Number of protein chains: 2
Amino acid sequence: MATIKQVAKRANVSVATVSRVMNKNGYVSAEAREAVEQAIADLNYAPNRVARSLFTKTSGLIGLIMPDITNPFFPQLARAIEDVANQHGYQVVLCNTDEQLEKEQGYLVALQTMHVDGLIITTNHSDNPNYEKLDLPMVALDRIVKSGIDAVISDGYEGGRLAADTLIASGATRLAHIAGPEQLQTVKRRTEGFVDVAGDRLIGMTHSNFTFKEALTAAQTLFDAHWPFDGLFAANDVIAAAVLQEAVRRHVRVPEDLQVIGYDGIELGEMTSPPLTTIAQPIYEMGRLATERLIDLIEKRDTETKEMLLPVTLTERQTTRGKGSGR
Amino acid sequence: MATIKQVAKRANVSVATVSRVMNKNGYVSAEAREAVEQAIADLNYAPNRVARSLFTKTSGLIGLIMPDITNPFFPQLARAIEDVANQHGYQVVLCNTDEQLEKEQGYLVALQTMHVDGLIITTNHSDNPNYEKLDLPMVALDRIVKSGIDAVISDGYEGGRLAADTLIASGATRLAHIAGPEQLQTVKRRTEGFVDVAGDRLIGMTHSNFTFKEALTAAQTLFDAHWPFDGLFAANDVIAAAVLQEAVRRHVRVPEDLQVIGYDGIELGEMTSPPLTTIAQPIYEMGRLATERLIDLIEKRDTETKEMLLPVTLTERQTTRGKGSGR
DNA sequence: GCTTGATATGTAACCGGTTACACATTATGA
DNA sequence: TCATAATGTGTAACCGGTTACATATCAAGC
């Protein structure tokens with residue numbers, strides 16, 4: 001790797017001049033510029049970002065803190081984030097915390113000592129005090145933070161309502177629900193919206209985390225305790241997929257006997273049999289927005305937004321019967 | 001953030017001494033060590049990794065180059081890689097190339113200028129000349145590279161054979177296959193193994209890439225052109241899921257009328273209805289191995305392995321009928 | 001008592017950039 | 001014509017670590 005000194009020597013100028021043409025600032029004569037550009041081309045020079053970092057105290061790195069990239073909701077988010085970051089010349093450092101505070105703490109010091117320029121936090125654990133004292137640009141994604149940290153989330157409450165409305169509109173009268181982990185604010189709202197609209201049509205409910213295995217157990221519990229019901233809303237698509245599988249096993253026909261709606265809009269929903277009707281969050285969009293917001297923060301373009309609540313939409317596939325069909 | 005100078009001043013020693021206690025090398029008296037440790041604790045000092053990088057020319061960063069984290073095969077790999085990296089004090093930088101050479105090239109210079117210590121390449125595109133002239137420790141994962149680059153792959157050929165054996169053993173006589181993208185060596189081998197064992201029992205075959213949408217089209221094509229068949233091997237689990245969905249739509253019963261086997265062993269296979277029988281690669285293990293190998297390379301512990309071929313196993317779920325059942 | 005090696009510590013150069021500052025030189029305008 | 005501003009370029013300090021080297025002390029060995 002060539003250094004700036006070598007370039008300077010070859011172009012017969014000082015390192016300052018080379019730096020000036022690289023960064024397009026300061027005065028540089030046409031001849032000098034040309035000589036430098038030639039030398040850069042000849043030597044295939046690319047400035048050492050570590051050296052630059054040391055002086056400028058910026059690294060071009062964004063830390064991405066998520067619970068587990070293996071959870072199918074996160075890859076799309078990660079992809080969106082990485083895309084936007086890359087478009088703006090940033091790289092992203094991936095961190096899986098498993099929601100463990102110590103791991104999170106470890107990543108935080110690592111990221112800080114390597115001078116990441118900002119953080120995107122998709123950890124759902126509420127109120128980690130680590131963040132607030134961090135003094136780094138950051139935005140929370142699919143997560144709510146108490147203090148004044150920017151957040152991008154989807155409208156879970158409306159999503160829950162929409163799920164109930166949809167089920168009811170297509171004839172469901174006995175509703176069931178599998179809620180997500182209780183400590184997740186954003187997920188709780190889905191349940192609240194659903195419950196509010198369902199009213200006393202809600203005849204059964206249980207909880208599950210977001211692993212397929214546990215969701216399957218929850219589905220079984222629900223069927224055992226509350227069957228029959230004709231409309232079910234799951235707190236996310238993984239849980240919905242588990243319900244679908246359990247329904248097949250019990251020879252419950254979907255959507256004829258039971259309509260199912262998930263939440264998230266991940267690709268998994270297209271792959272189930274039948275394909276899953278779901279409340280879709282604009283996942284990629286959320287990642288994009290969060291990252292653009294973060295980069296604005298990093299580069300001090302202070303748009304004053306504080307919390308972005310994105311609308312969800314109904315993606316109607318084949319686990320619901322469509323409006324009016326049941327009336 | 002405190003600097004080494006501040007620590008030195010507070011401990012009444014020179015920066016060299018502080019550096020010595022941080023790195024546990026050179027001679028340091030017990031008193032000096034204690035004073036320094038106290039100062040470090042007082043100031044909450046953590047060394048600036050950028051500064052250290054500049055001198056040592058190591059960054060503690062590993063570049064992870066993959067086609068698309070959104071493809072459900074990759075998150076588990078990424079997770080394994082990140083886990084192992086983290087255990088050894090490395091961070092990982094995520095890059096999605098979409099198999100585009102220019103994007104790849106862009107990432108490569110970015111990663112190089114930030115002095116990543118090594119690369120893990122899961123891009124399936126063969127023979128990118130960019131890598132060979134790179135002079136960085138690297139290992140290919142699920143990918144075969146011509147030159148002397150280490151590789152970790154699973155035994156696709158045996159996997160293909162195993163799929164055929166399994167299908168035949170449980171009574172299938174008319175076999176079909178959906179192969180993956182032609183340019184992927186590792187995927188091609190699956191087809192070769194399957195074809196070799198199937199012999200003239202193979203009555204129909206088509207191709208697809210790894211998107212669900214295209215897989216669905218391929219499945220339709222296959223059904224239209226070659227139905228009936230009673231055993232199908234798909235080049236990966238996403239394609240198998242598409243086949244399952246298409247089978248449901250055509251009222252083909254799985255596994256009674258048609259047995260299906262996928263390849264990969266991703267979690268998706270548990271979530272389909274019925275759950276998918278598949279040839280499982282040890283995905284996490286592959287990621288772990290590749291990363292450990294890379295770190296050995298980086299830290300100059302030269303274990304001479306060159307290509308690691310991992311065995312695959314049959315994960316029998318409910319899209320096959322089990323041995324002997326069809327006889 | 002003197003040599004020698006182990007122990008202990010500080011000074012300063014170095015890594016490869018950026019930029020403040022000094023010092024030209026060349027317009028520009030009154 | 002001369003003051004002033006705009007333009008062009010180099011030197012050296014600086015970012016925060018690491019480490020070669022110089023120097024000093026002390027104990028062991030003869």
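Basis of the calculations
- Residues numbered from 1 in each chain as written.
- Chains lettered and ligands numbered in written order.
- Predicted model: local features only at pLDDT ≥ 70, side-chain atom pairs only at ≥ 80, totals over all residues.
- Heavy atoms only, no water.
- Contact = heavy atoms within 4.5 Å.
- Buried area = accessible area lost by both parts, 1.4 Å probe.
- Salt bridge = Lys/Arg side-chain N within 4 Å of Asp/Glu carboxyl O.
- Polar contact = N/O pair within 3.5 Å; in protein donor to acceptor, adjacent residues only side chain to side chain.
- Helix = DSSP H or I, 4+ residues; strand = E, 2+ residues; numbered from the N terminus.
- Near = heavy atom within 4 Å.
- Nonpolar A, V, L, I, M, F, W, Y, C, P; charged D, E, K, R; others polar.
- 1 Å grid on protein atoms, 1.4 Å probe; cavity = no way out; pocket = protein on both sides within 12 Å on 5 of 7 lines; lining within 4 Å.
- Points joined across faces, edges and corners; volume = space filled by probe spheres on them.
- Domains from an automatic or database assignment.
- Phe/Tyr/Trp six-rings, centres within 6.5 Å; stacked < 30°, edge-to-face > 60°.
- Buried < 20%, exposed > 50% of the residue type's maximum accessible area, 1.4 Å probe, protein only.
- Least-squares fit on C-alpha atoms with pLDDT ≥ 70 in both.
- Axes fitted to C-alpha atoms, helices over the stretch in contact; angles between N-to-C directions.
- Parallel < 35°, antiparallel > 145°, perpendicular 65-115°, else oblique.
- Left-handed = near helix turned anticlockwise from the far one by under 90°.
- Pairing = 2+ DSSP bridges.

A word on the interface of chain A and chain B
Then step 1. Listed per partner, the contact involves 46 residues of chain A and 46 residues of chain B.
Then step 2. Together, the buried faces of chain A and chain B total about 4,300 Å²; carbon and sulfur atoms form 62% of this surface.
Then step 3. Sorting the residues of chain A by area buried against chain B places V50, R79 and M271 of chain A first, and these three jointly supply 16% of that buried surface.
Then step 4. Our count for the contact surface shared by chain A and chain B stands at 4 salt bridges.
Then step 5. Among the salt bridges present, the one from R79 of chain A reaches D68 of chain B, with a minimum N-O distance of 2.9 Å.
Then step 6. Run the count over chain A and chain B and you get 18 residue pairs in polar contact (both at pLDDT 80 or more).
Then step 7. Mapped onto the side of chain A that touches chain B, the elements with two or more residues apiece are α4 (49–56), α5 (74–87), β2 (91–96), α6 (101–113), α11 (237–249) and α12 (268–271) of chain A.
Then step 8. The biggest single contributor to the side of chain A that touches chain B is α5 of chain A, with 7 residues.

A closer look at the protein's contact with DNA strand D
Then step 1. Inspection of the region around DNA strand D gives 29 residues, with R20 and S29 of chain A together with I4, S19 and R52 of chain B positioned closest.
Then step 2. Sugar and phosphate atoms form 62% of the subset of DNA strand D atoms that lie within 4 Å of the protein.
Then step 3. Measuring from a phosphate oxygen of DNA strand D, one finds a backbone N or O atom of S14 of chain A at 2.8 Å.
Then step 4. Take S29 of chain A: an N or O atom from its main chain is 2.7 Å from a phosphate oxygen of DNA strand D.
Then step 5. Of all elements in the fold, only α2 (15–23) and α4 of chain A together with α2 (15–23) and α4 (49–56) of chain B reach the threshold of two or more residues within the surface near DNA strand D.
Then step 6. Considered class by class, the residues forming the surface near DNA strand D number 16 nonpolar, 9 polar and 4 charged.

What about the layout of surface pockets?
Then step 1. Taken as a whole, the largest pocket holds about 1,100 Å³ of empty space.
Then step 2. Surrounding the largest pocket, 35 residues form its lining, V248, S273 and P274 of chain A together with V248 and S273 of chain B being those nearest its centre.
Then step 3. Mapped by element, the contributors of at least two residues to the lining of the largest pocket are α10 (212–226) and α11 of chain A together with α11 (237–249) of chain B.
Then step 4. Looking at the lining of the largest pocket residue by residue, the class counts come to 18 nonpolar, 8 polar and 9 charged.
Then step 5. A volume near 780 Å³ is recorded for the second largest pocket.
Then step 6. Every residue lining the second largest pocket is counted, 25 residues in all, and those nearest its centre are Y45, A46, P47, N48 and A51 of chain B.
Then step 7. Where the lining of the second largest pocket is concerned, the elements lending two or more residues are α6 of chain A together with α1 (4–11), α2 and α4 of chain B.
Then step 8. The element best represented in the lining of the second largest pocket is α4 of chain B, accounting for 4 residues.

Topic: the domain arrangement of chain A
Then step 1. Domain boundaries assigned for chain A yield domain 1 (4–47), domain 2 (57–154 + 283–309) and domain 3 (156–282).
Then step 2. Put simply, the middle of domain 1 of chain A and the middle of domain 2 of chain A, counted by C-alpha atoms, are 36 Å apart.

Comments concerning the packing of aromatic side chains
Residue and element names in this part refer to chain B.
Then step 1. In the structure shown here, the tally under the stated rule is 10 aromatic pairs over all chains.
Then step 2. Arranged with centres 5.4 Å apart and planes meeting at 40°, the rings of F223 and W227 form a pair that is tilted.
Then step 3. For W227, a relative accessible area of 36% translates into the label partly exposed.

Some points on the relation of the copies chain A and chain B
Then step 1. Least-squares fitting of chain A to chain B yields an RMSD of 0.1 Å, with the transformation described by 0.0 Å of translation along the axis and a rotation of 180°. The transformation just described matches what one would write down for a two-fold rotation axis. Proximity to the rotation axis, assessed at the C-alpha, singles out V93 of chain A in chain A; its C-alpha lies 2.2 Å from the axis.
Then step 2. The fraction of interface residues of chain A whose copies in chain B are also interface residues reaches 100%, indicating that both copies meet through the same surface.

Here we look at the side chain of T17 of chain A
Then step 1. Within the secondary structure, T17 of chain A sits in helix α2.
Then step 2. Apart from the residues lying within four places of it in its own chain, the contact partners of T17 of chain A are V28, A32 and V36 of chain A.

Thoughts on unusual backbone geometry
Then step 1. The step from V254 of chain A to P255 of chain A runs through a cis peptide bond, and the omega angle for that step is 10°.
Then step 2. Along the chain, P255 of chain A falls in the loop between α11 and β9 (259–264).
Then step 3. Positive phi, normally seen in glycine, also occurs at K24 of chain A, with a value near 50°.
Then step 4. Among the secondary structure elements, K24 of chain A is positioned in the loop between α2 and α3 (30–43).
Then step 5. The phi dihedral of D98 of chain B is positive, around 55°, even though this residue is not glycine.
Then step 6. With respect to the secondary-structure elements, D98 of chain B resides in the loop between β2 (91–96) and α6 (101–113).
Then step 7. With a relative accessible area of 30%, D98 of chain B lands in the partly exposed category.

Quick word on the packing of helix α8 (residues 156–169) of chain B against helix α9 (residues 185–198) of chain B
A pair of packed helices can be characterised by two numbers: the angle between their axes and the separation between those axes.
All names here are of chain B.
Then step 1. Between α8 and α9, the shortest axis-to-axis distance is 6 Å and the interhelical angle comes to 40°. Considered as vectors, α8 and α9 are oriented oblique to each other. Handedness of the crossing formed by α8 with α9: right-handed. Taken together, the residues of α9 that come into contact with α8 (itself represented by G156, Y157, G160, R161, A163, A164, D165, L167 and I168) are R189, R190, E192, G193, F194, D196, V197 and A198.

Thoughts on the sheet that holds strand β12 (residues 313–315) of chain A
Whether parallel or antiparallel, the strands of a sheet pair through hydrogen bonds between backbone atoms.
Residue and element names in this part refer to chain A.
Then step 1. Judged by pairing direction, the sheet is mixed, and its 6 strands sit side by side in the order β7-β6-β8-β9-β10-β12 without closing on themselves. Each end of this open sheet is capped by a strand with a single partner; those strands are β7 (202–207) and β12. Sheet twist, expressed as the average angle between the axes of neighbouring strands with direction ignored, equals 20°.
Then step 2. Note that strand β8 (residues 231–234) and β9 share 3 bridges and pair parallel. Across the sheet, L232 pairs through a bridge with V260, a residue of β9.
Then step 3. Against the sheet, helix α9 (residues 185–198) makes contact with β6 (175–179), β7, β8 and β9, and its axis sits at roughly 165° relative to β6, the strand it touches most.

Regarding the pattern of salt bridges
Residue and element names in this part refer to chain A.
Then step 1. According to the stated counting rule, one finds 26 salt bridges over all chains in the structure shown.
Then step 2. With a closest N to O distance of 2.6 Å, R249 and E246 form a salt bridge. In this pair, R249 and E246 both sit in helix α11, 3 residues apart, roughly one turn of the helix.
Then step 3. A relative accessible area of 48% places R249 in the partly exposed class.

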